[in-house]
Amino acid sequence: MKNTETVFVCGSCGSRAPKWLGRCPSCGEFGTFEEETREEKAAEESVNAPLGGALQSLNDVVVGAEDRILSGIGELDRVLGGGLVPGSVVLVGGDPGIGKSTLMLQALAALQKKGLDTLYVSGEESAQQLKMRSMRLGAHDLPILILTETYLKEIRRAVEERRPSAVVVDSVQTMYTEGVASAPGSLTQVREVAARLVHLSKRTGISFFLVGHVTKEGAIAGPRVLEHMVDTVLYFEGDRGHAFRVLRAVKNRFGSTNEIGVFEMKDSGLSEVSNPSQLLLEERPLDVSGSVVVPCMEGTRPILLELQALAAPSSLGVPRRVTIGVDSARVSLLVAVMERKAGIQLAGHDLFINVAGGIKTDEPALDLGIVGAIASSAMDRTIPSDTVLFGEVGLSGEIRGVSQVDIRLREAEKMGFRKCFLPASSLGGGTGSKEMSLVGVRTLSEALKLLLG
């Protein structure tokens, strides 16, 4: 008879308790405790087995650029920080149908073309379904190893026998291991499977991509500690109604968390978008009220975004504030500043704010663009189509400076814009431009007066 133990585990922080609790005493979350039944594990399966690392001095460790593996997909390499690090574990999350499996199969195909062995482990699709997807992506003639299995022990056996350079596990919520009586997808199973895969990756030097489902709140399903165990966490974002997909890093031990990769979904799979600004502005209406263009930064990449605003008289007691792609709390703050410092009354108007193209961003430099779009719609006056604007708006109505001004201006100039409203404190210091006219503003009222008269 195997010894069993029943405890209750918090899905947010991993805290344990002998009985169910409504509120976790460690992290304060409500309703996160779930029952966990554990069996005594075999010694060879324990995640506490030694990695076999040797004691060495830090100054003797040699790290070079060749230690990273370029996947051949530039946007993916950018988000990973310059390529895939051997022995790293990457967690990829996103809404159902957003393109996670497609991206992973394309990544393995690119690695296979470079002569590296790869393995795709699927717990949700059959071999025939994987073949059909590979035919659509043009990767059906590549010797990518596939394994349709959900039992972790069999997966480990296949990995240790073939020793591929990269492995995709799709998805981690479908996998299960012995020693845990919970069903696949439970908090306990997901945590245990992920811990053993991380241990396997560090011991063998094989890179793993773990595909994860997301909850209705948008977070990766499973215990919160799952994101702490892996090296990199990527979220695949996008609206099904738009062709654009954004791969965003929220954790990266080997690179920046500010980088994004932009893809376009086509019939043949995901295509890299090297110039997102051009595609996002292709359908921009000219000389209409409520539309402005703002150069924002996503990591080291400048992107021109079109902000659209619609201010309409409201028949409701409490006017609506609807935002898509920007923080609703930030918009409410800016509306209050506009009413108090610029004298624009919006209490009787419904406000609708949208970032065209389905892109989401929360950069402070968007503040001046949001204010300009709202004022343009409320006053029904257009902002010239060859004008861009950016800057952070303070509670006192001041326009604060932002970083990387030169990069923003160069991107706007490259796209044909000839005038820019920016914080006065950002003028000078290399921000000169032969083609663009720069207008520095210090207060919100000054900016709106120059923009809309």
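Residues numbered from 1 in each chain as written. Predicted model: local features only at pLDDT ≥ 70, side-chain atom pairs only at ≥ 80, totals over all residues. Heavy atoms only, no water.

## Considering a nonpolar patch on the surface
A cluster of nonpolar side chains, namely L58, V61 and V63, defines an oily patch on the protein surface of about 340 Å² accessible area. Looking at where V63 falls in the secondary structure, it is placed in the loop between β3 (33–39) and α1 (74–80). (Patch = residues over 30% accessible without salt bridge, like charges linked within 9 Å, V, L, I, M, F, W, Y side chains within 5 Å. Areas by Shrake-Rupley, 256 points an atom, 1.4 Å probe, with all protein chains shown as cover. Salt bridge = Lys/Arg side-chain N within 4 Å of Asp/Glu carboxyl O. Helix = DSSP H or I, 4+ residues; strand = E, 2+ residues; numbered from the N terminus.)

## What to know about the sheet that holds strand β12 (residues 269–272)
Ordered in space as β6-β5-β7-β8-β4-β9-β10-β11-β12, the nine strands form an open sheet in which the pairing is mixed. Every other strand in the sheet has two partners, leaving β6 (145–148) and β12 as the edge strands with one partner each. The sheet shows a mean angle of 25° between the axes of neighbouring strands, direction not considered. With five bridges connecting them, strand β4 (residues 89–94) and strand β9 (residues 232–237) associate as parallel partners. Bridge pairing in β9 places V92 opposite L234. (Pairing = 2+ DSSP bridges. Axes fitted to C-alpha atoms, helices over the stretch in contact; angles between N-to-C directions.)

## Concerning helix α8 (residues 328–341)
Its 14 residues place the ends of α8 20 Å apart at the C-alpha level, agreeing with the 20 Å of an ideal helix rising 1.5 Å per residue. Structurally, the start of α8 carries an N-cap: the backbone nitrogen of A329 is 3.3 Å from a side-chain oxygen of D327. Where α8 ends, the next residue or the one after it, G343, has phi of about 70°, a positive value. (Expected span 1.5 Å × (residues − 1). Polar contact = N/O pair within 3.5 Å; in protein donor to acceptor, adjacent residues only side chain to side chain.)

## A short note on empty space enclosed by the protein
Considering all chains together, one arrives at four cavities of 30 Å³ or more under this definition. In terms of lining residues, the largest cavity is bounded by R284, P285, L286, D287, V288, S291, V292, V293, I383, P384, S385 and T387. Tallying contributions element by element places strand β13 (residues 291–298) first for the lining of the largest cavity, with three residues. Classifying every residue of the lining of the largest cavity by side-chain character gives seven nonpolar, three polar and two charged. (1 Å grid on protein atoms, 1.4 Å probe; cavity = no way out; pocket = protein on both sides within 12 Å on 5 of 7 lines; lining within 4 Å. Points joined across faces, edges and corners; volume = space filled by probe spheres on them. Nonpolar A, V, L, I, M, F, W, Y, C, P; charged D, E, K, R; others polar.)

## Some remarks on the nonpolar core
If you look at the biggest cluster of nonpolar residues, it comprises 59 residues, and the most contacted ones within it are M338, I370, I374, F390 and L444. In terms of nonpolar packing, the next biggest core, distinct from the first, is built from 32 residues, L108, A110, L137 and F209 among them. (Core = buried A, V, L, I, M, F, W, Y, C linked by side-chain atoms within 4.5 Å. Buried < 20%, exposed > 50% of the residue type's maximum accessible area, 1.4 Å probe, protein only.)

## Quick look at the environment of S122
Tracing the backbone shows S122 in strand β5 (residues 118–122). When near neighbours in sequence (up to four residues on either side) are disregarded, S122 contacts L130, L147, T148, E149 and D170. (Contact = heavy atoms within 4.5 Å.)

## What about unusual backbone geometry?
Excluding glycine, residues mostly carry a negative phi; peptide bonds, for their part, are mostly trans. Of the consecutive residues D170 and S171, the connecting peptide bond is found in the cis state with omega at -5°. Looking at the element boundaries, S171 is found in the loop between β7 (166–170) and α5 (187–204). Look at D287: it is not a glycine, yet its phi comes out positive at around 55°. Along the chain, D287 turns up in the loop between α7 (276–280) and β13.

## Some words on the pattern of salt bridges
Applying the stated criterion across every chain, the model contains 17 salt bridges. Taking the shortest distance from any N to any O, the salt bridge between R157 and E154 comes out at 2.6 Å. One end of the pair is R157 and the other is E154, both in helix α4 (residues 152–162) and three residues apart, which spans about a single turn. Its salt-bridge partner being R253, residue D231 comes within 2.7 Å of it at the nearest N-O pair. Residue D231 is located in the loop between α6 (225–229) and β9, and its partner R253 is located in the loop between β10 (244–252) and β11 (260–266); the two are separated by 22 residues in the primary sequence. Of the residues examined, D231 reaches a relative accessible area of 3% and is grouped as buried. It is possible to trace a salt-bridge network through shared partners that takes in E178, E192 and R196.

## Remarks on the packing of helix α2 (residues 100–113) against helix α3 (residues 127–137)
At a closest axis distance of 11 Å, the pairing of α2 and α3 adopts a crossing angle of 70°. The orientation of α2 with respect to α3, classified from their angle, is roughly perpendicular. Seen from α2, the contacting residues are S101, T102, L105 and Q106; seen from α3, they are L130, R133, S134, R136 and L137. Looking at the contact of α2 with α3, its residues break down into three nonpolar, four polar and two charged. (Parallel < 35°, antiparallel > 145°, perpendicular 65-115°, else oblique.)

## A word on the packing of α8 against helix α9 (residues 367–379)
Across the interface, α8 lies against α9 with an axial gap of 10 Å and an inter-helix angle of 65°. You can see that α8 and α9 cross each other, and the crossing is right-handed. Facing α8, whose interface residues are R330, V331, L334, V335 and M338, α9 presents D367, I370, V371, I374 and A375. Among the residues forming the contact of α8 with α9, the class breakdown is eight nonpolar, no polar and two charged. (Left-handed = near helix turned anticlockwise from the far one by under 90°.)

## Regarding the layout of surface pockets
When its volume is computed, the largest pocket comes out at roughly 310 Å³. What lines the largest pocket is a set of 13 residues, among which Y235, F236, E237, G238 and K360 lie closest to the centre.

## Here we look at the packing of aromatic side chains
Evaluation of the coordinates by the stated rule reveals two aromatic pairs. Consider the rings of Y151 and Y176, whose centres lie 5.3 Å apart with planes at 20°: the pair is stacked. Here the residue Y151 occupies a position in the loop between β6 and α4, and Y176 occupies one in the loop between β7 and α5, the gap between them amounting to 25 residues. Y151 gets classed as partly exposed once you look at its relative accessible area, which sits at 22%. Relative to F263, the ring of F236 has its centre 6.2 Å away and its plane inclined at 75°; by these criteria the two rings are edge-to-face. Of this pair, F236 sits in strand β9 while F263 is found in strand β11, placing the two residues 27 residues apart along the sequence. (Phe/Tyr/Trp six-rings, centres within 6.5 Å; stacked < 30°, edge-to-face > 60°.)

## Description of α5
For α5, with 18 residues, the first-to-last C-alpha span of 26 Å sits near the 26 Å given by 1.5 Å per residue. Judged by how many residues are buried, α5 sits mostly within the fold: 16 of 18 residues are covered. Of the residues trailing α5, G205 is marked for its positive phi of about 80°.

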